[in-house]
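# Descriptive analysis of the structure
Residues per chain are reported as follows:
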Amino acid sequence: MFLLGLQKKIMSNITFIMIKPDAVERGLIGNILKDINDAGFNVRALKLTKLSIDEAKTFYSVHSERPFFDELTKYMSRSPIVAAVLEKENAVSEFRKLIGDTDPSTAEKGTIRSRYAISKGENSVHGSDSDENAKIEAQFHFSGREILF
Ligand code: IDP
Ligand code: MG
């Protein structure tokens, strides 16, 4: 009972994030990690990695019927990304607040996407949209022993 409660608490306070190819290509890993640190997130897992086209298609499979799916999966597999698991109270919504709208032209001023993103497609960062997806996405990229509490 205690352990289940603890696990529930941890899983509702983590999010999965990526620094996407456009940002890694432009040398923005350090800037974005600093913004994440300054916003009070704790890093629980972190790595530089690269998605194959098939891995990008699997990761974004919920968008497979969208007109931008081909563009999205090519972009996400063209060069390395940084994948991370972050912890903070209400991590999913707090991180989405920090990054702003999908489209940088409508993202609130000061958000990561408003500062760094190139376009609605090449928008520099990913953040999970629910606790359930945070868990699925973290497990897609990391083994249990790579996530440290
Ligand atoms: P989100 O990343 O803000 O959650 P989603 O709607 O889940 O946005 O879309 C996933 C990703 O697909 C976006 O971050 C962006 O890279 C890409 N994307 C979304 N809409 C468009 C579009 O209209 N054109 C091109 N790419 C898009
Ligand atoms: Mg999304």
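Anything mentioned here points back to the structure above.
Here we summarise the structure given alongside this text. Bear in mind the structure is a predicted one, so any value in this text is a computation, not a measurement. (Residues numbered from 1 in each chain as written. Chains lettered and ligands numbered in written order. Predicted model: local features only at pLDDT ≥ 70, side-chain atom pairs only at ≥ 80, totals over all residues. Heavy atoms only, no water.)

### Considerations on the site of ligand 1
Near ligand 1 the following residues occur: Lys20, His63, Phe68, Glu71, Leu72, Arg96, Thr102, Arg113, Lys120, Gly121 and Asn123. At 2.9 Å, a side-chain N or O of Asn123 approaches an oxygen atom of ligand 1. Judged by its atoms lying within 2 Å of the grid points, ligand 1 is housed in the largest pocket. Its residues assigned to classes, the shell around ligand 1 comprises 2 nonpolar, 4 polar and 5 charged. (Near = heavy atom within 4 Å. Polar contact = N/O pair within 3.5 Å; in protein donor to acceptor, adjacent residues only side chain to side chain. 1 Å grid on protein atoms, 1.4 Å probe; cavity = no way out; pocket = protein on both sides within 12 Å on 5 of 7 lines; lining within 4 Å. Sits in = over half its atoms within 2 Å of the grid points. Nonpolar A, V, L, I, M, F, W, Y, C, P; charged D, E, K, R; others polar.)

### So, the packing of aromatic side chains
Counted under the stated rule, the structure contains 4 aromatic pairs. Residues Phe41 and Phe95 carry aromatic rings whose centres are separated by 5.7 Å and whose planes lie at 80° to one another, so their mutual orientation is edge-to-face. Within this pair, whereas Phe41 is found in the loop between helix H3 (29-38) and strand E2 (42-49), its partner Phe95 is found in helix H6 (residues 91-99), the two being separated by 54 residues in sequence. In this pair, the class of Phe41 matches that of Phe95, namely buried. (Phe/Tyr/Trp six-rings, centres within 6.5 Å; stacked < 30°, edge-to-face > 60°. Helix = DSSP H or I, 4+ residues; strand = E, 2+ residues; numbered from the N terminus. Buried < 20%, exposed > 50% of the residue type's maximum accessible area, 1.4 Å probe, protein only.)

### Comments concerning the nonpolar core
The biggest cluster of nonpolar side chains holds 19 residues, and the ones touching the most others in it are Phe16, Met18, Tyr60, Met76, Val85 and Phe142. Where this core is concerned, the elements lending two or more residues are strand E1 (14-19), helix H4 (53-59), helix H5 (69-76), strand E3 (81-87) and helix H8 (131-141). If you tally residues by element for this core, the top one is H5, at 4 residues. Setting aside residues no more than four positions away along its own chain, Val85 makes contact with Ile14, Thr15, Phe16, Asn42, Val43, Arg44, Ala45, Ala138, Phe142 and Ile147. In this structure, Leu28, Ile32, Leu86 and Tyr116 belong to the second largest nonpolar core, which totals 18 residues. (Core = buried A, V, L, I, M, F, W, Y, C linked by side-chain atoms within 4.5 Å. Contact = heavy atoms within 4.5 Å.)

### Some details on the sheet that holds E2
Strand pairing in a sheet takes place through backbone hydrogen bonds and is either antiparallel or parallel in direction. If you walk across this open sheet you meet the 4 strands as E2-E3-E1-E4, and the pairing is antiparallel. The sheet terminates laterally at E2 and strand E4 (125-127), the two strands that pair on one side only. Taking the axes of each pair of neighbouring strands and ignoring which way they run, one obtains an average angle of 15° across the sheet. Two elements, E1 and E4, share 3 bridges in a ladder whose sense is antiparallel. Residue pairing for E4: Met18 is matched across the bridge by His126. (Pairing = 2+ DSSP bridges. Axes fitted to C-alpha atoms, helices over the stretch in contact; angles between N-to-C directions.)

### Details of the side chain of Ser79
In this structure, Ser79 sits in the loop between H5 and E3. Exposure remark for Ser79: the relative accessible area of 10% places this residue in the buried category. Polar side-chain contacts of Ser79 include one of 2.6 Å to the side chain of Glu25. In this structure, Ser79 is in contact with Pro21, Glu25 and Lys50, ignoring residues within four places of it in sequence.

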